[in-house]
Amino acid sequence: MDESTPRSLRLGLLYSGGKDSTLAALLLEDFYDVTLTTATFGVTDDWTYARDTARSLGFTFEKLELDPDVATEAVETIRTDGFPRNGIQRVHQHALERLAGMDFDAIADGTRRDDRVPTVSRAQAQSLEDRYDVDYIAPLSGFGRQAVDRLVESTLDVTVGPSEEITRADYEAELRALIAERDGEAALGSIFPAHEQTHVTGVQDWNR
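Worth saying up front: this structure is predicted, and the values here are computed from it rather than measured. (Residues numbered from 1 in each chain as written. Predicted model: local features only at pLDDT ≥ 70, side-chain atom pairs only at ≥ 80, totals over all residues. Heavy atoms only, no water.)

### Considerations on the overall build of the chain
Stage number 1. Scanning the chain from terminus to terminus reveals 8 helices and 7 strands.
Stage number 2. Computed over the C-alpha atoms, the radius of gyration of the chain is 17 Å, within 12% of the 17 Å expected from 2.2 N^0.38 for a compact globule of 208 residues.
Stage number 3. Referenced to the eigenvectors of the C-alpha coordinate spread, the extents of the chain come out at roughly 60 × 40 × 30 Å.
Stage number 4. Going through the 208 residues of the chain one by one, you find that 48% of them count as buried.
Stage number 5. Looking at the chain alone, contacts between residues at least 24 apart form 78% of all its contacts between residues at least 6 apart. (Helix = DSSP H or I, 4+ residues; strand = E, 2+ residues; numbered from the N terminus. Rg over C-alpha atoms; globule rule 2.2 N^0.38 Å. Buried < 20%, exposed > 50% of the residue type's maximum accessible area, 1.4 Å probe, protein only. Contact = heavy atoms within 4.5 Å.)

Structural data, given as structure tokens:
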């Protein structure tokens, strides 16, 4: 590279293959060399769904290995609480720490303005930046759900369905698998509220 040519800034984005993280990637790709990274405890091979989507969209992909002990902690928290919020939040913080420790100039996720979980506070973001000398970016933090849905509708091809049916690579999938192994499938219904998940299958041609 010629010394007069600015170096491309490398960014690692936590990626599930869903609409939010895909939209975040598209918003960032004009400014960064984006690598989509999917976090996994190695419990399932669901991370491959995100890998396949990332590659179909033309993004570089890396698997991000997480500490299995954190999965154990998260599962125990979820079982004790009777709901998943705090456990998922713990995993997200751990994933950001792992990502920040990699060779990136910036890290990002697909958290939105009105998300209940996971979230990243200003203090947590500043702590990551200070300790790892990395920029933390949440490109959807100013977008509400309606705004995101409108952008997705006009930009992405998406499969939508119940959480237990959609192939995805988020934290919940592996945590659900661990809890089902321990307490049985029936336990999941009382812990995880019914909600829809998304899996991106492509980007509408006109936008590319």
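### Concerning helix H1 (residues 19-28)
Stage number 1. Of all 10 residues making up H1, 9 are buried, and the element is well covered by its neighbours.
Stage number 2. For H1, the set of buried residues is Lys19, Asp20, Ser21, Thr22, Leu23, Ala24, Ala25, Leu26 and Leu28.

### Points about the packing of aromatic side chains
Stage number 1. Under the counting rule described, the total for this entry stands at 1 aromatic pair.
Stage number 2. Ring geometry for Trp47 and Phe61: centres 6.2 Å apart, planes at 10 degrees, overall stacked. Taken as a pair, Trp47 in helix H2 (residues 47-56) and Phe61 in strand S3 (residues 60-65) lie far apart in primary sequence, 14 residues in all. Like Phe61, Trp47 is buried.
Stage number 3. The ring centre of Phe192 lies 5.1 Å from the NZ or CZ of Arg176, which sits over that ring. (Phe/Tyr/Trp six-rings, centres within 6.5 Å; stacked < 30°, edge-to-face > 60°. Lys NZ or Arg CZ within 6 Å of the ring centre and 35° of its normal.)

### Some words on the sheet that holds strand S2 (residues 33-40)
Stage number 1. Within the open sheet, the 5 strands sit side by side as S3-S2-S1-S4-S5. Their pairing is parallel. Edge positions in the open sheet fall to S3 and strand S5 (135-137), since each of these has one partner strand only. Along the sheet, successive strands turn relative to each other by an average axial angle of 30 degrees, direction set aside.
Stage number 2. The pairing of strand S1 (residues 10-14) with S2 spans 5 bridges and is parallel. Within the sheet, the bridge partner assigned to Leu14 lies in S2 and is Thr37. (Pairing = 2+ DSSP bridges. Axes fitted to C-alpha atoms, helices over the stretch in contact; angles between N-to-C directions.)

No statement about biological role is implied by the geometric values presented.
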